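Summary of the model geometry
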Amino acid sequence: MTKLVEIVVKVRSKNAGPFWLTIDIFCGSAEAFTRVSSGLATGMVATAFKIEQQMIKRFELEELHVIKFSLPRPYVQGTLADRDMHGASYSTLLNDIEI
Amino acid sequence: MVRVLIPSGALGLGYDRDALARGVACKPDIIAIDGGSTDSGPHYLGSGTSKYSRQSTKSEWRELMAARAEANVPLVIGTAGTCGADTAVDWLVAITQEIATETGANIKVAVLKSGQDLDAMTAALEAGRISPLDPAPELSTEVLKGCTNIVALAGAEQIQAALATGADIIIAGRTTDTAIISALPLARGCHAGAAWHGAKIGECGALATTSPNSGTILIEFDSEGCTVIPMGETAQATTHTISAHMLYENSDPYILIEPGGHLDVAGARYVSLDETRVRITGSKWVPSHRYTVKLEAARRTGYQTVSLALVREPRYVAHVRQWSDDIIAKCSAKVRERLDLSAADFTLELRLIGVDATLGDLETHIASSSEVGVLGVVTAQSQSLAREIAKLLNPYLLHHPLTEQEEMPTFAFPFSPPEMDRGEIYEFCLNHVLELADPMEAFQLTTLEMAG
């Protein structure tokens, strides 16, 4: 078992408008892509965000060696409960997932 | 062939002047730049103001106006003043007038406003012309009444109408990031899929290249595709940097929804022409049955005062959650009693910086640190009330003991006073689209002659 952050080049998260968050996992190689693609279940991401798996959209961009997840923002951007205006820190929730 | 020069990802962000000069030398047909986005939060739309400094905006806009005069082509800015509200458009129009006066320029300016008035929005809601996107906040006429600004995102059609006035400069309110780039190629019959795809690649300037800080990028559009050409001296567009840009701030990497249809890049082909240029073909534009524009709005949710204290004593750091929970309970009770308020009249929160201030209840990594920042956040229905409550919080942040039986501790306040008024607080309250019978129906286009 290895942590996701040790396998891939970068995990990036960002707002996709005020209501959505999008996470791009740049695997960097075909090997890493295959490993993450088979080892990182959408349910693991759902667990990290404490939401239902059905709320998450998953995209596999094999040519780019990228796996992308999009989900409704944990809190709408800029509301009282929101703590990260640009949503860039949510990526760290995936770093330690064991693959 | 239509050449669109994009100086940078947003006015006020800066760009490499040499790259811009190189772009002007390439004889563009139009210069297009974005003026904002929702990414910095609801404050700007809520207040109708710009995020960037006026002086910085003026200085860059003056240079772009000079570049426009040299190239002798239109200059268009979308989402003027960060949020594209009417007041933010007026702000940039005033800056433009100042520059025209100072430089002795005679220019024709088209002003496209995207602000929506309450009566029209209420009528549209009642007529069923406003539909929710996913996830959409609850919408009612009451919600609409509470909005300080409602804007509709203009697409290519409205920018084309502005271009058709023959204006030298177009200052547009809220538009989609891409419409200011795609409008001219589409009007001149370039490939529609390529017009929107190239626009998406170019909307952040050189961000889609190996040298994001160079800012400037040129895109050539034709009847079959488009070619992306970075203007920075060492900037390169590669098939990877270009294709990866569709991921950026986009929830679906293949689809981009615009007024009047959507872009589908699933079949796009990317080819490196040489070390710096990438050719894109195969993107598809799919027109929709209805013409809809996205709506954005912000409403005031209260006023805030924040306080900052620092906890350094190891025993308090070790038990900081217990300490802060106790403060919340005791201080909230005191606020209700002293100010005769109910629990619904205010919120009082302590965010523990160094513990979980960023991720809140999603945090799994509780590391021990030598100190903890305690950010008190008070929200209430007036600034004076928020400040009163924050003043009631003050003695706790300064002296609250972990147990009753111990010497009174004193924590670190970095400022005097520790309370800072944050002013009005806003939130985004629409994620909806508005159906239009005519693309210009929800927008106002006027022209001005400015004489130096």
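Values in this document were obtained by computation on a predicted structure and should not be read as measured data. (Residues numbered from 1 in each chain as written. Chains lettered and ligands numbered in written order. Predicted model: local features only at pLDDT ≥ 70, side-chain atom pairs only at ≥ 80, totals over all residues. Heavy atoms only, no water.)

1. Re the packing of aromatic side chains
- Considering all chains together, one arrives at five aromatic pairs over all chains under this definition.
- Ring geometry for F59 of chain A against Y254 of chain B: centres 6.3 Å apart, planes inclined by 70°, an arrangement best described as edge-to-face. Of this pair, F59 of chain A sits in strand β3 (residues 57-61) while Y254 of chain B sits in the loop between α10 (239-244) and β10 (255-258), which puts the two residues in different chains.
- The exposure class assigned to Y254 of chain B is partly exposed, which follows from its relative accessible area of 27%.
- Seen in terms of ring centroids, W323 of chain B and F411 of chain B are 4.9 Å apart; in terms of plane orientation they differ by 65°. Their pairing is edge-to-face. Pair noted here: W323 of chain B is in helix α12 (residues 320-338) and F411 of chain B is in the loop between α13 (383-399) and β18 (419-428), with a separation of 88 residues, a long-range link. Pair check on accessibility: W323 of chain B and F411 of chain B agree, each one buried.
- Ring-pair connections join several aromatic residues into one group, and the members of that group are Y316, W323 and F411 of chain B.
- For K57 of chain A, the ring lying beneath its charged end belongs to W20 of chain A, and the centroid distance is 4.8 Å. (Phe/Tyr/Trp six-rings, centres within 6.5 Å; stacked < 30°, edge-to-face > 60°. Helix = DSSP H or I, 4+ residues; strand = E, 2+ residues; numbered from the N terminus. Buried < 20%, exposed > 50% of the residue type's maximum accessible area, 1.4 Å probe, protein only. Lys NZ or Arg CZ within 6 Å of the ring centre and 35° of its normal.)

2. Here we look at the nonpolar core
Residues and elements named next belong to chain B.
- One finds V4, I159, I181, I242, L434 and F443 to be the most contacted residues of the largest nonpolar core, which totals 61 residues.
- Each residue touching I159, except ones within four places of it in the same chain, is listed here: V76, L112, I170, A172, T175, A179, I180 and A183.
- Listed in part, the 31 residues of the second largest apolar core include L11, V89, I169 and M450. (Core = buried A, V, L, I, M, F, W, Y, C linked by side-chain atoms within 4.5 Å. Contact = heavy atoms within 4.5 Å.)

3. As for the interface of chain A and chain B
- With 39 residues of chain A at the interface, the matching set in chain B holds 38 residues.
- Both faces considered, chain A and chain B share a buried interface measuring about 3200 Å² in area, 59% of it formed by carbon and sulfur atoms.
- The largest share of the area that chain A buries against chain B comes from F19, L80 and R83 of chain A, three residues that together contribute 24% of it.
- Here chain A is connected to chain B by three salt bridges.
- One salt bridge in this structure joins K14 of chain A and E249 of chain B, with 2.6 Å as the shortest N-O distance.
- Those elements that place two or more of their residues in the side of chain A that touches chain B are β1 (10-15), β2 (20-26), α3 (42-49), β3, β4 (66-72) and α4 (92-95) of chain A.
- Within the side of chain A that touches chain B, the residues separate by chemical class into 19 nonpolar, 10 polar and 10 charged. (Buried area = accessible area lost by both parts, 1.4 Å probe. Salt bridge = Lys/Arg side-chain N within 4 Å of Asp/Glu carboxyl O. Nonpolar A, V, L, I, M, F, W, Y, C, P; charged D, E, K, R; others polar.)

4. A look at unusual backbone geometry
Residue and element names in this part refer to chain B.
- The peptide bond linking D134 to P135 adopts the cis configuration, its omega dihedral lying at -5°.
- Structurally, P135 can be placed in the loop between β5 (130-132) and α6 (141-146).
- S416 connects to P417 through a cis peptide bond whose omega is -5°.
- Note on placement: P417 falls in the loop between α13 and β18.

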